[in-house]
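# A look at the structure
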Amino acid sequence: METETIRQVQTREEQFIFLYERAFPKTAAFVSRSGGNLEDAKDVFQDALILLYEKEDPESIQDKPSYVAGIARHLWLKKAGKKRSQAEAASEAQSELLEPNERQVSKRLLRYVAVAGKKCMELLTGVYYDKLSMKELASKFEFSGERSATAQKYKCLEKIREVIKQRSLNKEDFYE
Amino acid sequence: MNNTVLIESYLSGKMEPGDRLLMDARLLIDHGLRVNCEHQQQTYELVKAYGRLCLKREITAVQEHIFSVGKHESFRQKINKLFKR
């Protein structure tokens with residue numbers, strides 16, 4: 001299980017189940033001891049899984065269950081507004097959780113492109129969020145090869161960029 | 001498409017220093033390029049938000065599966081015990 005990559009769609013679900021089984025009890029115990037409920041534990045654990053997934057190289061982490069439990073613990077302490085001690089402050093986790101430059105994306109615009117540009121958004125998500133190689137992208141979206149996948153990627157970038165351009169004329173989309 | 005590739009290279013920080021300087025200069029004088037650059041940056045942010053949304057849905061489905069399917073009964077009991085007060 002540990003040798004499979006979390007970015008492979010076919011194994012992603014198995015990896016999440018594996019992480020729930022191994023790490024969620026630790027998170028739940030910690031949240032329960034510090035006054036939280038099951039929903040709190042589920043929330044912070046979900047966010048911890050997302051942070052693991054978004055890490056530059058998740059496969060470099062040897063012990064993913066401990067990593068996820070550590071992040072969830074940190075998130076819970078933050079959520080519960082408790083001061084954490086230096087020992088609990090995993091510097092790696094801290095740097096990942098802070099994204100001061102990330103702008104709030106307009107939910108309205110997101111809803112719009114999710115419908116108007118669904119296919120392109122799925123393809124671009126494969127490239128920029130799931131970090132698939134062009135070969136994997138070609139296989140997933142059934143393109144003839146890597147060159148075709150690359151060309152389609154740029155076409156989609158242009159399409160969504162154009163949608164944003166048009167919608168930016170409607171200022172409400174950007175200043176909700 | 002060249003414009004899109006160029007902007008991607010610029011925004012990703014992978015551009016050679018000399019080309020970057022040239023691009024900085026072009027952005028100062030070329031309004032259209034500047035607008036495209038801003039919107040392309042927003043595209044990446046939007047894609048990240050969309051990807052996160054899809055992943056969250058996927059994780060929620062896994063969570064619901066674990067907390068509802070009989071196969072994980074002992075796991076569920078173990079967790080529920082933690083919250084019994």
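Residues numbered from 1 in each chain as written. Chains lettered and ligands numbered in written order. Predicted model: local features only at pLDDT ≥ 70, side-chain atom pairs only at ≥ 80, totals over all residues. Heavy atoms only, no water.

## Regarding the packing of aromatic side chains
Counted only if it meets this: Ring geometry is summarised as follows: Phe, Tyr and Trp rings, the Trp one being its six-membered ring, pair when their centres sit within 6.5 Å, and such pairs are stacked at plane angles under 30 degrees, edge-to-face over 60 and tilted between the two. We count a stretch as a helix when DSSP gives it H or I for four or more residues in a row; a strand needs E for two or more, and each element gets its number in order from the N terminus. The rule for a charge over a ring is simple: NZ of Lys or CZ of Arg within 6 Å of the ring centre, and within 35 degrees of the ring normal.
For the structure shown, the criterion picks out nine aromatic pairs over all chains. Aromatic pair Tyr-20 of chain A and Phe-45 of chain A: ring centres 4.8 Å apart, planes at 50 degrees, arrangement tilted. A residue pair is termed long-range when its members are at least 10 positions apart, and Tyr-20 of chain A in helix H1 (residues 9–33) and Phe-45 of chain A in helix H2 (residues 38–54) qualify at 25 residues. With centroids separated by 5.9 Å and ring planes inclined at 65 degrees, the aromatic side chains of Phe-67 of chain B and Phe-75 of chain B adopt a geometry described as edge-to-face. Ring-pair connections join several aromatic residues into one group, and the members of that group are Tyr-20, Phe-24 and Phe-45 of chain A together with Phe-67 and Phe-75 of chain B. For the cation-ring pair, Arg-167 of chain A lies above Tyr-112 of chain A, with the distance from its terminal atom to the ring centre recorded as 3.8 Å. The ring of Tyr-10 of chain B has Arg-20 of chain B lying over it, and the distance from NZ or CZ to the ring centre is 4.5 Å.

## Points about the confidence of the model for chain A
Which entries qualify depends on this criterion: What pLDDT conveys is the predictor's confidence in a given residue, as a value from 0 to 100. We call two residues in contact when some of their heavy atoms are within 4.5 Å.
Across chain A, pLDDT averages 83, with 77% of residues at or above 70. The low-confidence segment residues 98–102 of chain A, where pLDDT is below 50, has four contacts with residues more than four positions distant or belonging to other chains.

## Let's talk about helix H3 (residues 31–66) of chain B
Note the threshold: Expected helix span is computed as 1.5 Å times (number of residues minus one). Any pair of N or O atoms that falls within 3.5 Å is considered a polar contact. Within protein, one atom must be able to donate a hydrogen and the other to accept it, and sequence-neighbouring residues count only if both atoms are side-chain atoms.
With 36 residues, H3 of chain B should cover 52 Å at 1.5 Å per step; its first-to-last C-alpha distance of 53 Å lies within 8% of that length. Residue Asp-30 of chain B occupies the N-cap position of H3 of chain B, its side-chain oxygen lying 3.2 Å from the main-chain nitrogen of Gly-32 of chain B.

## What to know about the packing of helix H2 (residues 17–29) of chain B against H3 of chain B
Residue and element names in this part refer to chain B. Rules: Inter-axis angles, ranging from 0 to 180 degrees, are taken between N-to-C directions of lines fitted to C-alpha atoms, where helices are fitted over the stretch in contact. Angles below 35 degrees are treated as roughly parallel, those above 145 as roughly antiparallel, those between 65 and 115 as roughly perpendicular, and all remaining angles as oblique. Gly is put with the polar residues, along with every residue not named as nonpolar or charged; the nonpolar set is Ala, Val, Leu, Ile, Met, Phe, Trp, Tyr, Cys and Pro, and the charged set is Asp, Glu, Lys and Arg.
Remark: H2 packs on H3, axes separated minimally by 5 Å, with the N-to-C direction vectors making an angle of 110 degrees. Taken as axis vectors, H2 and H3 run roughly perpendicular relative to one another. Contacts between H2 and H3 involve Met-23, Arg-26, Leu-27, Leu-28 and Ile-29 on the former and, on the latter, His-31, Leu-33, Arg-34 and Cys-37. Of the residues contributing to the contact of H2 with H3, the split by class is six nonpolar, one polar and two charged.

## Considering helix H3 (residues 64–79) of chain A
Residue and element names in this part refer to chain A. What counts is decided by this rule: Whether a residue is buried, partly exposed or exposed follows from its accessible area with a 1.4 Å probe, protein chains only, as a fraction of its type maximum: under 20%, in between, or over 50%, in that order.
With 16 residues, H3 should reach 22 Å at 1.5 Å per residue; the first-to-last C-alpha distance of 22 Å fits that figure. Along H3, the positions that sit buried rather than exposed are Lys-64, Pro-65, Tyr-67, Val-68, Ala-69, Ile-71, Ala-72, His-74, Leu-75, Trp-76 and Leu-77. Phi turns positive, to about 70 degrees, at Gly-81, one or two residues after H3.

## So, the environment of Lys-153 of chain A
Mapped onto the elements, Lys-153 of chain A comes out in helix H8 (residues 146–168). Leave out the neighbours within four places in its chain, and Lys-153 of chain A touches Leu-123, Leu-124, Val-127, Tyr-128 and Met-134 of chain A together with Glu-8 of chain B.

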